[in-house]
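Residues per chain are reported as follows:
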Amino acid sequence: MKAKSILELLTLSSSLYVLARDTELLEKIKELSEKGKDEIDKIISESKLDENGNELEFVDKIILKTQELKDELDKKVEELVIKFYKKIHVAHVDEIKALNEKIEKADMAIALLEARLNKLDLK
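Residues numbered from 1 in each chain as written. Predicted model: local features only at pLDDT ≥ 70, side-chain atom pairs only at ≥ 80, totals over all residues. Heavy atoms only, no water.

Some thoughts on the overall build of the protein chain
- If you tally the helices and strands in the protein chain, you get 3 helices and 0 strands.
- Walking the protein chain from its N terminus toward its C terminus, one meets helices and strands in the order α-α-α.
- When each of the 123 residues of the protein chain is scored for burial, the buried share is 2%.
- For the protein chain, the computed accessible surface area is about 11700 Å², with 62% contributed by carbon and sulfur atoms. (Helix = DSSP H or I, 4+ residues; strand = E, 2+ residues; numbered from the N terminus. Buried < 20%, exposed > 50% of the residue type's maximum accessible area, 1.4 Å probe, protein only. Areas by Shrake-Rupley, 256 points an atom, 1.4 Å probe, with all protein chains shown as cover.)

Observations regarding a nonpolar patch on the surface
- A surface patch of nonpolar side chains, about 510 Å² in accessible area, is lined by L73, V77, V81, F84, Y85 and I88.
- Tracing the sequence through the fold places F84 in helix α2 (residues 58–88).
- The exposure class assigned to F84 is partly exposed, which follows from its relative accessible area of 46%. (Patch = residues over 30% accessible without salt bridge, like charges linked within 9 Å, V, L, I, M, F, W, Y side chains within 5 Å. Salt bridge = Lys/Arg side-chain N within 4 Å of Asp/Glu carboxyl O.)

Comments concerning the pattern of salt bridges
- Here the structure, examined in full by the defined rule, presents 2 salt bridges.
- A salt bridge links K70 to D74, with the shortest nitrogen-to-oxygen separation between them at 3.3 Å. Separated by 4 residues within a single helix, K70 and D74 lie in helix α2, roughly one turn from each other.
- The class of D74 is partly exposed, set by a relative accessible area of 40%.
- For the salt bridge of E72 with K76, the shortest nitrogen-to-oxygen distance reads 3.4 Å. One end of the pair is E72 and the other is K76, both in helix α2 and 4 residues apart, which spans about a single turn.
- On the basis of relative accessibility, which here comes to 41%, the residue E72 falls in the partly exposed class.

What about the confidence of the model for the protein chain?
- For the protein chain, per-residue confidence averages 78 on the pLDDT scale, and 82% of positions sit at 70 or higher.
- Ranking the elements of the protein chain by mean pLDDT puts helix α1 (residues 2–45) last, at 71, and helix α3 (residues 93–122) first, at 90. (pLDDT = per-residue confidence, 0-100.)

Here is the structure:
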């Protein structure tokens, strides 16, 4: 009987936890949708002009805003990728090129030193 009661309490508590998480998720979705509505209202109310001085239509405003957000997202993704590469110590293409140039310079210096050494040996 006690095991059954404990199991029922455990089931009830897990169900309450799931409901609480669902409530948090719904509140977060509601918050984001309200922010989205506010942003759309802001875009509609803004007066944007094209190169001829005419006001842009709603669809053109949305396209312009979408392009701005895409550019912003690209910058953020690039920053995150750079941080990630640094964190896991993966060499970037530019770093690899710089290291290859250093190796080539070191090889040339070694070749010059070998030539000097051979010249000194011949004397």
